[in-house]
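Each chain is listed here by its residues.
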Amino acid sequence: TTSNALKYSSPKFGGFSIAAEYALTNNTSWNSGNPGSGPGTYGQGQGRANGVRVQYSGGVVEALAIYDEVRGINGKFDNVYTASRSILGGGVLSFDPIKVYFGYQHLSAPDASNQGYFGTDTAPTLPAGVGLPTTINQEWIGVAWQATPAASLRAACYHANANNGNGNATLYTLSGQYNLSKRTYFYSELGYVHNSSTSNVGLNDGASDPYGPNANNDPSSGNTNSSPNYGHSQLGVYAGYFCPSPEN
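Bear in mind that the values here come from a model prediction, so they are computed numbers and not experimental data.

Rules used in this analysis
Residues numbered from 1 in each chain as written. Predicted model: local features only at pLDDT ≥ 70, side-chain atom pairs only at ≥ 80, totals over all residues. Heavy atoms only, no water. Helix = DSSP H or I, 4+ residues; strand = E, 2+ residues; numbered from the N terminus. Buried < 20%, exposed > 50% of the residue type's maximum accessible area, 1.4 Å probe, protein only. Areas by Shrake-Rupley, 256 points an atom, 1.4 Å probe, with all protein chains shown as cover. Pairing = 2+ DSSP bridges. Polar contact = N/O pair within 3.5 Å; in protein donor to acceptor, adjacent residues only side chain to side chain. Patch = residues over 30% accessible without salt bridge, like charges linked within 9 Å, V, L, I, M, F, W, Y side chains within 5 Å. Salt bridge = Lys/Arg side-chain N within 4 Å of Asp/Glu carboxyl O.

**Q** Help me out: how do you make sense of the overall build of the protein in this one?
**A** The secondary structure content of the protein amounts to one helix and eleven strands. Written out in order from the N terminus, the α and β elements of the protein read β-β-β-β-β-β-α-β-β-β-β-β. A buried classification covers 35% of the 248 residues belonging to the protein. As presented, the protein carries roughly 13900 Å² of accessible surface, and 56% of it is formed by carbon and sulfur atoms.

**Q** What should I look at first to understand the pairing of strand β9 (residues 167–179) in this one?
**A** Put simply, side chains in a regular strand alternate between the two faces of the sheet. Examined bridge by bridge, strand β8 (residues 151–162) and β9 share twelve bridges and lie antiparallel to one another. Each residue of the ladder has a partner; that of Ala-155, found in β9, is Leu-174. From the end of β8 to the start of β9, which pair antiparallel, there are four residues, and Asn-164 there has a positive phi angle of about 55°. Note that β9 and strand β10 (residues 185–195) share eleven bridges and pair antiparallel. Bridge pairing in β10 places Tyr-172 opposite Tyr-192. Connecting the antiparallel pair β9 and β10 is a turn made up of five residues.

**Q** Got a minute to help me understand the side chain of Asn-166 in this structure?
**A** In this structure, Asn-166 sits in the loop between β8 and β9. A relative accessible area of 2% means that Asn-166 is categorised as buried. Engagement of the side chain of Asn-166 in a polar contact is seen with the backbone oxygen of Asn-163, the distance being 2.8 Å.

**Q** What am I meant to see in a nonpolar patch on the surface here?
**A** A cluster of nonpolar residues, Phe-13, Phe-16, Ile-18, Val-52, Val-54, Tyr-67 and Ile-87, forms a patch on the protein surface that exposes about 550 Å² of accessible area. Those elements that place two or more of their residues in the nonpolar patch are β2 (16–23) and β3 (49–58). By secondary structure assignment, the location of Val-54 is in strand β3. Here Val-54 falls in the partly exposed class, since its relative accessible area comes to 36%.

Next up, the structure:
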């Protein structure tokens, strides 16, 4: 979300639409986010943000292209996850009852550095020769199948590759849902992530494990996380039943 933003959304023409946004910071220093100092302050404030989106919808094809920029607390692109430039393209092909999803994203944070995050030119919690990433490329593809009016299955593969020695990770997911009614259903999902030797991406949510370097027990933010060790895989599964309360 952004504050003090100017937004424009065009009407559709020939299946195309365009949207743009320019958002100022709330801080008294233009272009910078809320005040913060020292290592581990990433994500605590947001500076100026702007972006443009082009979308197409027609027949069996839906396509999307986005370019956006989000600056950090110092007005810089200093965290590839939370304060960076992003180029994203993707789409959906619909062949009832099957949909195919695909996409690509390039993230760039040229101002990210070990010094800015750790307070030193070395990265004390990372493997030897690994530094804070400044670019990440991500690709994904998925399939959704509405097997019956009540039952659906989804399968997807996501791949991410980070520079500065951070390696790559691939996530595979398989999920299903069975509707007992319009508002009551069973659901389940299985996820498996495979890491290269210097990657430790896990099946976490990015909130309990704050976005930053691939570090366990990160001294800069004072946080530990549930990610696997470097080069190790992680498997997770959950299942549940959703039934809204009567007042809802």
